[in-house]
Amino acid sequence: MPIAVESAPAPRTDPAAIPECVRRVRHGFESGKTRPIAWRLGQLERLRALLVENGDALVETLREDLGKPVLEAWAADIVGVAAEIKGFRKKLRRWMRPERVATPLEQRPARARIVREPLGVVLIIAPWNYPLQLLFTPMVAAIGAGNGAVLKPSEVTAHTSALLAKLVPEYLDPDCIALVEGGVAETTALLAERFDHIFYTGNGSVGRIVMEAAARHLTPVTLELGGKSPCIVDRDVDVAVAARRIAWGKFLNAGQTCIAPDYVLVHREREAELVETLKQTLDAWYGEAPRENPDFGRIVNDRHHQRLAALLKDGEVVVGGECDASDRYVAPTLLRNVRFDSALMREEIFGPILPILTVRDVDEAIDVVNRGPKPLALYVFSRDPGVEDAVVSRTSSGGVCVNATLWHLANPNLPFGGVGASGMGAYHGRHGFETFSHRKPVVRRSTRFDPRFAYPPYSRFKVWLLKRML
Ligand code: NAD
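Just so we're clear, the structure is a prediction, and the values are computed from it rather than from any experiment. (Residues numbered from 1 in each chain as written. Predicted model: local features only at pLDDT ≥ 70, side-chain atom pairs only at ≥ 80, totals over all residues. Heavy atoms only, no water.)

Q: Please provide a residue-by-residue account of the side chain of His304, values included.
A: Residue placement: His304 occurs in helix α10 (residues 302-311). Judged by its relative accessible area of 11%, His304 falls in the buried class. Polar contacts involving the side chain of His304 include one to the side chain of Arg303, which spans 3.4 Å. Ignoring anything within four residues of it in the chain, the contact list for His304 reads Trp128 and Ile299. (Helix = DSSP H or I, 4+ residues; strand = E, 2+ residues; numbered from the N terminus. Buried < 20%, exposed > 50% of the residue type's maximum accessible area, 1.4 Å probe, protein only. Polar contact = N/O pair within 3.5 Å; in protein donor to acceptor, adjacent residues only side chain to side chain. Contact = heavy atoms within 4.5 Å.)

Shown next as structure tokens:
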């Protein structure tokens with residue numbers, strides 16, 4: 001029985017109402033309401049209640065939009081956000097404390113500290129692939145840092161967006177947190193407004209539009225973008241473990257994960273074994289008919305389905321390859337004999353198609369990675385610490401996992417973000433708190449002692465003394 005995914009008309013906020021909505025949040029922020037820790041923790045608790053009390057309904061909308069398996073929806077979109085809330089509730093008081101720093105001898109007597117202050121009103125624009133996680137995780141950080149927030153979920157996952165539009169004003173403080181629904185027109189109207197920070201997650205073309213719009217108001221941005229995340233498999237590797245971990249990272253959410261391994265570069269002596277082990281892994285997980293299996297999701301819309309179907313011709317299908325437009329199904333697919341200059345290797349795949357290319361050695365793999373834009377994630381499977389060191393030190397990427405995929409995203413002590421073409425800025429845990437805070441230096445001098453050295457008249461003796469400090 002195919003999984004039913006349903007298209008729904010994208011709900012919209014009237015663009016004419018957007019300036020007023022942003023004004024309301026700014027007014028709320030300027031009233032000082034968002035600054036006390038009690039308000040911040042209270043809102044985080046309300047967000048937790050929203051997730052707990054509406055978890056089943058949200059999981060259902062994620063199924064309607066993406067055919068998202070129940071476990072994946074709970075794990076990535078609900079439990080993941082709840083874990084972020086938990087971290088903030090535990091540590092926020094500590095993070096908010098002013099940070100004492102040393103004062104150089106010649107500036108004493110004085111004291112110096114860094115105070116974290118909220119930036120103001122922030123705009124959070126989210127994509128469709130993890131519609132709750134990518135909207136609420138940055139929101140937790142924005143609220144935790146004491147900001148007002150305007151949220152813009154993706155119109156592509158319309159069922160989820162509509163439910164969020166109902167729940168957010170019910171649960172969260174409408175004076176300081178607003179949600180705007182819609183697509184290009186509504187986001188364009190939002191981007192015309194002045195914000196104090198814009199946090200955008202999605203593709204790089206829209207990232208450029210966001211950054212241009214932000215530049216008009218000198219608004220700082222965090223851009224969480226995508227790209228092709230390579231996965232290097234060395235000769236010295238535990239193939240069984242590598243196959244399971246690669247398949248998990250790739251086929252979760254039907255491959256629609258920003259840090260999914262996009263393609264594999266395997267040592268040519270291990271290719272056959274890796275392909276065979278991946279094949280057995282997929283058989284064991286999804287059976288002979290993955291289409292009937294509720295643990296495997298669907299492609300988000302027809303446009304992406306057509307795009308993925310066209311990419312299949314760029315290699316030899318060794319597993320999968322079936323597509324059905326009627327329920328936007330693309331089978332978990334392995335491709336080999338793929339050319340480096342094919343479309344498949346030029347654009348981010350963002351679907352359940354895994355090309356496996358061979359390399360002579362790790363140096364060749366590093367060359368391939370360095371020929372492309374800096375990826376969001378880079379994976380290397382090897383038992384050789386020398387290979388690990390070579391990959392970490394000779395490549396640049398948003399993050400790296402050794403003998404794992406996606407794992408770095410789940411550790412809140414690590415900053416999550418891109419570099420170069422894969423984005424700028426980072427969040428998760430304290431890193432998110434810092435992203436949405438201004439680190440304000442404050443110096444306090446004693447008035448009891450006021451040496452005249454720095455004041456005019458500037459004598460030759462003072463210049464001489466100053467030069468002694470060189
Ligand atoms: P999308 O189509 O939902 O777009 C993202 C947001 O941009 C939406 O809210 C949408 O309304 C808005 N938008 C779209 N066109 C716009 C325009 N012309 N002007 C203003 N706003 C516009 O999502 P997407 O971009 O297809 O998302 C997939 C991409 O996002 C992939 O490249 C993926 O790798 C990347 N991604 C990155 C991360 C990360 O954390 N770095 C996470 C998820 C996805």
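Q: I'd love a proper account of the sheet that holds strand β14 (residues 353-359), names of residues and values included.
A: Sheet architecture is open: seven strands sit in the order β10-β13-β14-β9-β8-β15-β16, paired in mixed fashion. Looking along the sheet, the strands with just one partner apiece sit at the ends: β10 (316-319) and β16 (399-402). In this sheet, neighbouring strand axes are inclined to one another by 25° on average, regardless of whether the strands run parallel or antiparallel. Direction of pairing for strand β8 (residues 230-233) relative to strand β9 (residues 263-267): parallel, over a ladder of four bridges. Paired with Val233 across the strands is Val266, a residue of β9. Lying on the sheet, helix α13 (residues 385-394) is in contact with β8, β15 (377-381) and β16; it crosses β15 at an angle near 165°. (Pairing = 2+ DSSP bridges. Axes fitted to C-alpha atoms, helices over the stretch in contact; angles between N-to-C directions.)

Q: An account of a positive patch on the surface is needed here, citing residue identities and associated values.
A: A surface patch of positive charge is lined by Arg48, Lys86, Lys90, Arg93, Arg94 and Arg97. Here the positive patch gets four residues from one element, more than from any other, and that element is helix α3 (residues 70-96). Mapped onto the secondary structure, Arg93 falls in helix α3. Accessibility expressed as a relative area gives 52% for Arg93, which makes it exposed. (Patch = residues over 30% accessible without salt bridge, like charges linked within 9 Å, V, L, I, M, F, W, Y side chains within 5 Å. Areas by Shrake-Rupley, 256 points an atom, 1.4 Å probe, with all protein chains shown as cover. Salt bridge = Lys/Arg side-chain N within 4 Å of Asp/Glu carboxyl O. Lys, Arg positive; Asp, Glu negative; His and termini not counted. Charge placed at Lys NZ, Arg CZ, Asp CG, Glu CD.)

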